[in-house]
Amino acid sequence: MSKQLILVDGSSYLYRAYHALPPLSNSQGMATGAIKGVMNMLNRLQKDYTFDYFAVVFDAKGKTFRDELFEQYKSHRPPMPDDLREQIKPLHDLIDALGLPKLVVEGVEADDVIGTLARQGAEVGMNVVISTGDKDMAQLVNERITLVNTMTNKVYDRDGVIEKFTVPPELIIDYLALVGDKSDNIPGLAGVGEKTASALLNQVGSIDTIYQQLEKLPELSIRGAKSLPKKFEEHEDRVRLSHLLATIKLDCELELSIEQLTLGEPDTQALFSLYQQLEFKTQLRELEAIEGESSAGAAVALEPVETHYETITTQAQLEPWLEKLARAEAFAVDTETTSLNYMDAQLVGISFSVSAHEACYIPLGHELIEAPEQLDLKETLVKLKPFLEDPSRTKIGQHLKYDMHILRHYGINICGDIRDTMLESYVLNPTATRHDMDSLADYYLQKNTTKFTDIAGKGAKQLRFDQISLEKAAPYACEDADITWQLHGELSLRLADLPKIQKVYDELEAPLMPILMEIEHLGVKLDVQKLQTHSQELQEKLSKIEQTAYELAGETFNLNSPKQLGEILFEKLELPIVKKTAKGAPSTAEAVLQELAEDYELPKAILDYRGLAKLKSTYTDKLPLVINQRTGRVHTSYHQAVTATGRLSSSDPNLQNIPIRNDEGRRIRQAFIAEPGYKIVAADYSQVELRIMAHLSGDETLLKAFNSNADIHLATAAEILEKPMSEVSSEERRRAKAVNFGLIYGMSAFGLAKQLGVDRQEAQSYIDKYFARYPGVADFMERIKASAKETGYVETVFGRRLYLPDINAKNGMIRQAAERTAINAPMQGTAADIIKRAMIDLQPKLAEISGELAPRMIMQVHDELVFEVPEAKLDEVNELIKATMENAASLDVPLIVEVGVGDNWDDAH
C-alpha cells in the first residue's frame, strides 16, 4: 500500500483563519483568533486523513527569489496587521509542542517547499495531500497529488481542477500567467480574462505553443481574437515574467527529508504553558484528561475522553436515567423530529445529558425495520413531563424554542430556568461565529461534530430522522445533548465574567424566547382571495412593463437575465458603464440601474419590473402556500440570533421586509386580517432611534425639542436655517428629516447630496450647520468612535455588545464603514432592546385580560408590535399597550407610541 504524505500550507491557513474569525484575544489583550482557527483546521485534517508523513510549512521572513525577478512582486500588499504578526511565534511554538514537523525555508515561499516535497513524494510512489486555499497549488495536481481546502472541505484532483479553472493542472501556470494574480501582483496579459485565457489554452495549448502559432489566433472563436497576436507580441516579456513568477519551484534545498517528517512526542509541559498563555480552556481540560503518555497522533488532535452514550429501548434502561434526572439540578435536552417546520414536525426521539461525555437517546417514533424494542411514546412522555416542567430544574438546550414547540404539541410546557446555548453565544459576541450547534462546537470546543447530512444523506434522497437506523441515529442524538451540555459549561463561564452581558441574556433574550414561541404558535390570519387578486393584477402590470421595455430596447429579451440586459444597455444602447462586476462585465445591479434611471427610461422600467416581480414571487404568490392547513394561519419563525444589533428577524415567511412605502406593498399588508370579533391593533414607536440619539448624546437642543414634544424634523430645519418653525417650508422639513436620519446612519455629504438631489457642497453645508446647532451629537459621534477603537466594541443602553473587528483597519473604506456602524449600532441595538422589554412586560398583562375572546400579540416588525384585540376591549387594551410600551425604558426623552386600529394590518397604521 502506498504511503501517504500530508503537506499543510501554514501561511495560507494563518491568513484565512485571521480573516475568517473574529478578533479573539486573551485577558491580556493578546490576539488569539488566528491561532485557534489554524489549530481547528489542523485537528480536522488529522481526523479526516490517515498519513505516514506530515509537515506544516510557513513562509520565511524577508525577500524571495521572486522579488529579485520582479521588484513589484507582492509590493501592493499592505503590511501584515500587528494583531496577526503577534500570533506567528506562539503558533509556531504550539505546532512544535504538539510534535508536528514544521518547515520555514529562507529565500523561497511555502509554496515552493510544498512543491518540492510533493514532487519528491510522488516520484517515490507516495500519495500526497496538500491542504491549502492557494489556487497556485493547482499546478501540482497529478495522479499522485491532490489538494484539499479544509475550510470548505473541497478536494481537487485532476477533474476537480478542470471543473474549477476550466483548464487541466499542466496548464495552470500558463493560465495564471495570462490572467495575472492581483493578490501577488503578477501582471498577466492586459485584456485577457479568465474566459479568454481558458479558451486560448484549451484551443491552442500552452503559452509556448501560442507564441509558435500567433498567426492562427485571429481565426479562433474568441471575442477580440483579432487583436490577440498584437497583444502577445507587444507584451511577451510581461507574459514570460508572469509565467516565471507563477511557477512553483520544485527543487528547493531542504534540511529534512520526507522520511524525517514523522510526528514527534508532544511536549506536555510546553502545551500546558501555551494553552494557559492563550487561555484555551477547552484544550487545557482535554490535555488534563489524557492520562499517561499519549501517542503522537492523539496529542495532535487532542482527542476527547471516551463518551458514554446509551440507547434507551426498554423500561429497565429508562429507570436509571429517570433517577439521574431526578437527582440533577440541570440537564441538557434535545428532540429529534420529522421536520424543521415546528407546526408540522412529529417527535421521533428525545436525548438527555447530565454531565460531559455522557448522554442517552430515547427513540419514540422510528420506522425501525430491524426493530429493537421501542418505548411507548405517550407513556414515556408522561414519565419525562415532571422533569421538563419542574420550574426548579435548569433546562439546557440549543435553539430550545424549537424543542419547546415540539413538546408543546405533546402537552409538555418547558418552564423554569432556561439556558439556550445559541442565545448565550449570541449575547457574548453576535458576529464571532454562526450560532448553530455545529459552528459553536467548532468555535468554542474545537470539536468537529457529526452533521445531519452525515447520517441522513443529501438532496432528494435525504432521509427523515425517523427513517434512519438506530445504529446511526442514536449516537448523533446523544452527541447533540452532550455537546449542548458542554457548550453551556463553556459559555456560562464566559458569561460569568461579563455581568452586563449575563444580564442581557437573563432579562432580555431568555424571557423573550417563550413569548416568541407563543407568537409563532398563534400565527396570523390571511385573506387568501385578496392576495390572489393582487397577484393577478401584478402579473398584468408586469406584462405591460415587459412590453414597454421591449419597445425601449427595440427588441425582445429576458428581463431577468443580467447578461442579456447588459448587452442591451451597454452594447446596443451604449449607456454609460457605472460599475463593473468582479469578472469585468458591466454591472446591472440595482444601485447601478437607479443611477441610470435618473436619465434613461429603460433602466427605470427594469427597476419597476424587478420591484413588482419580487412582491409577486415573495408575497402574493407565496404567502397562500405557507398557510398551515390545521390552523388556517401563517406561522413565521422569529430568530433571536441572526442580526448583529439585537433586532429580531423572521423567515418562512419573512414578515420584516414587506414594503410600506408604495401602494403595492401596503396592499400586501391589507391581506393580514383579524379573526371575527377581533380588530388588528398596530403599535409603533415614533422616531425611536432619534430619541435614543438624544439620550446618548445628551445634546441640550435635541433633548429640549423632544421634551417639548416638538416636530423634530421641523425643529431641526428651524435650527439649521435659523428661522421660526412657522416659517419652515415642507421642502425644508424634508431635507432636515433626511439629515436627521442620515447622520445616525453615518451618511456622508456625498450620500446626503444624492438623497436630496443637491450638490455635495450644499449637502456638506447642511451637515456643518446641523453639527453647529447640535454640538452634543458631534461630540457623541467622536466619543463613540474613539471608545470603539480602544475597546473593539460598542454597547447599547442595556449593555448589549457589538464587536467591530474592522474599527482599526488600515483600509480607509473598511475602517469608515466600521465607524458608521459604531455610531448607529448603539441606537439600533437599544431600539431592539426596548421593544423586547416591551414584549416581555406586555405578555403577562395581556394574559390577565380574561374572557371568551382574549387579546394576543401576533407579530413583531422592527419598531412595531401587532395584536389581535377583541372589539369589546379595544379601549382598555390599547391604553395598556401604549402605556407599557412607552414605559419599557427610562430615557432622558419620552418614548412615544402611536397606536392604530383596523380590520387589517394596513388599516391599523
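Every chain's residues receive numbers from 1 upward, in the order its sequence appears when written. Reporting in this predicted model follows two pLDDT cut-offs: at least 70 for local features of residues, and 80 or more for side-chain atom pairs to be given and counted; totals over whole chains, interfaces and linings ignore these cut-offs and use all residues. The basis for every side-chain value is the complete set of non-hydrogen atoms in the structure, without hydrogens or water.

### Brief notes about the packing of helix α28 (residues 688-697) against helix α35 (residues 812-847)
What counts here: Inter-axis angles, ranging from 0 to 180 degrees, are taken between N-to-C directions of lines fitted to C-alpha atoms, where helices are fitted over the stretch in contact. Numbering of helices and strands runs from the N terminus; a helix is a DSSP stretch of H or I covering at least four residues, while a strand is a stretch of E covering at least two. When the near helix sits turned anticlockwise from the far one by under a right angle, the crossing is termed left-handed; a clockwise turn instead gives a right-handed crossing. Here, two residues are considered to be in contact whenever any of their heavy atoms come within 4.5 Å of each other. Residues are grouped as follows: nonpolar covers Ala, Val, Leu, Ile, Met, Phe, Trp, Tyr, Cys and Pro; charged covers Asp, Glu, Lys and Arg; every other residue, Gly included, is treated as polar.
Running from N to C, α28 and α35 point in directions that differ by 115°, and their axes come no closer than 9 Å. In the packing of α28 onto α35, the handedness of the crossing is right-handed. Contacts between α28 and α35 involve Val688, Glu689, Ile692, Met693 and Leu696 on the former and, on the latter, Asn824, Pro826, Met827, Gln828, Thr830, Ala831 and Ile834. Counted by class, the contact of α28 with α35 contains eight nonpolar, three polar and one charged residues.

### Brief notes about the confidence of the model for the protein
Where we set the bar: Note: pLDDT gives the predictor's confidence per residue, expressed from 0 to 100.
Per-residue confidence for the protein gives a mean pLDDT of 88, with 95% of residues at or over 70. Every residue in residues 291-304 is under pLDDT 50, and counting partners more than four places away or in other chains gives 26 contacts.

### Overview of the packing of helix α22 (residues 499-522) against α35
Helices that pack against each other are described as a pair by the angle of their axes relative to one another and the distance between those axes. At a minimum axis separation of 9 Å, α22 and α35 run at an interaxial angle of 60°. Our pair here, α22 against α35, has a crossing hand that is left-handed. Note on element contacts: α35 touches α22 through Asp833, Lys836, Arg837, Met839, Ile840 and Gln843, opposite Glu507, Leu508, Glu509, Pro511, Leu512, Ile515, Leu516, Glu518 and Ile519. For the contact of α22 with α35, a count of residues per class yields eight nonpolar, one polar and six charged.

### Points about the environment of Ser425
Put simply, the rule reads: Here's how the labels work: a residue is buried when its accessible area is under 20% of the maximum for its type, exposed when over 50%, partly exposed in between, all with a 1.4 Å probe on protein chains only.
Looking at where Ser425 falls in the secondary structure, it is placed in helix α18 (residues 421-428). Residue classification places Ser425 among the buried residues on the basis of a relative accessible area of 0%. Taking the C-alpha atoms as reference points, Ser425 and Asp93, 332 residues apart in sequence, are found 30 Å from one another. Residues within four places of Ser425 in sequence aside, it is in contact with Thr433, His435, Leu440, Tyr444 and Leu491.

### Overview of the sheet that holds strand β12 (residues 418-420)
Pairing between sheet strands relies on hydrogen bonds along the backbone, with the strands arranged either parallel or antiparallel. For the record, the criterion: Think of it this way: DSSP has to see at least two bridges between two strands before they count as a pair.
Read across the open sheet, the six strands follow the order β7-β10-β9-β8-β11-β12; overall the sheet is mixed. Only two strands of the sheet have a single neighbouring strand rather than two, namely β7 (308-311) and β12. Averaged over all neighbouring strand pairs, the angle between strand axes comes to 25°, with direction disregarded. Taken together, the three bridges between strand β11 (residues 394-397) and β12 define a ladder with parallel strand orientation.

### As for the sheet that holds strand β17 (residues 672-673)
Pairing is antiparallel in the open sheet, where three strands are placed in the order β14-β13-β17. At either margin of the open sheet sits one strand with a lone partner, and together these are β14 (633-634) and β17. As defined by bridge partners, strand β13 (residues 524-526) adjoins β17 across two bridges and the pair is classed as antiparallel. What sits directly across from Leu526, in β17, is Phe672.

### Focus: the nonpolar core
As a reminder of what qualifies: As used in this record, nonpolar core signifies buried Ala, Val, Leu, Ile, Met, Phe, Trp, Tyr and Cys residues forming a set joined through side-chain atoms within 4.5 Å.
In terms of nonpolar packing, the biggest core is built from 175 residues, with Phe352, Ile362, Leu388, Phe672, Tyr685 and Phe867 touching the most fellow members. Tallying contributions element by element places α35 first for this core, with 13 residues. Here Phe352 is in contact with Trp321, Leu325, Phe331, Ala332, Val333, Glu358, Ala359, Cys360, Ile362, Leu384, Leu388 and Ala481, once residues within four sequence places are set aside.

### Observations concerning helix α19 (residues 437-445)
Stated formally: Pairs of N or O atoms within 3.5 Å make up the polar contacts considered here, provided that, within protein, one atom can donate a hydrogen while the other can accept it, and that residues adjacent in sequence are counted only when both atoms are side-chain atoms.
All of the buried residues in α19 are Met437, Leu440, Ala441, Tyr443, Tyr444 and Leu445. Of the residues that open α19, the one with a side-chain oxygen 3.3 Å from the backbone nitrogen of Asp438 is Asp436.

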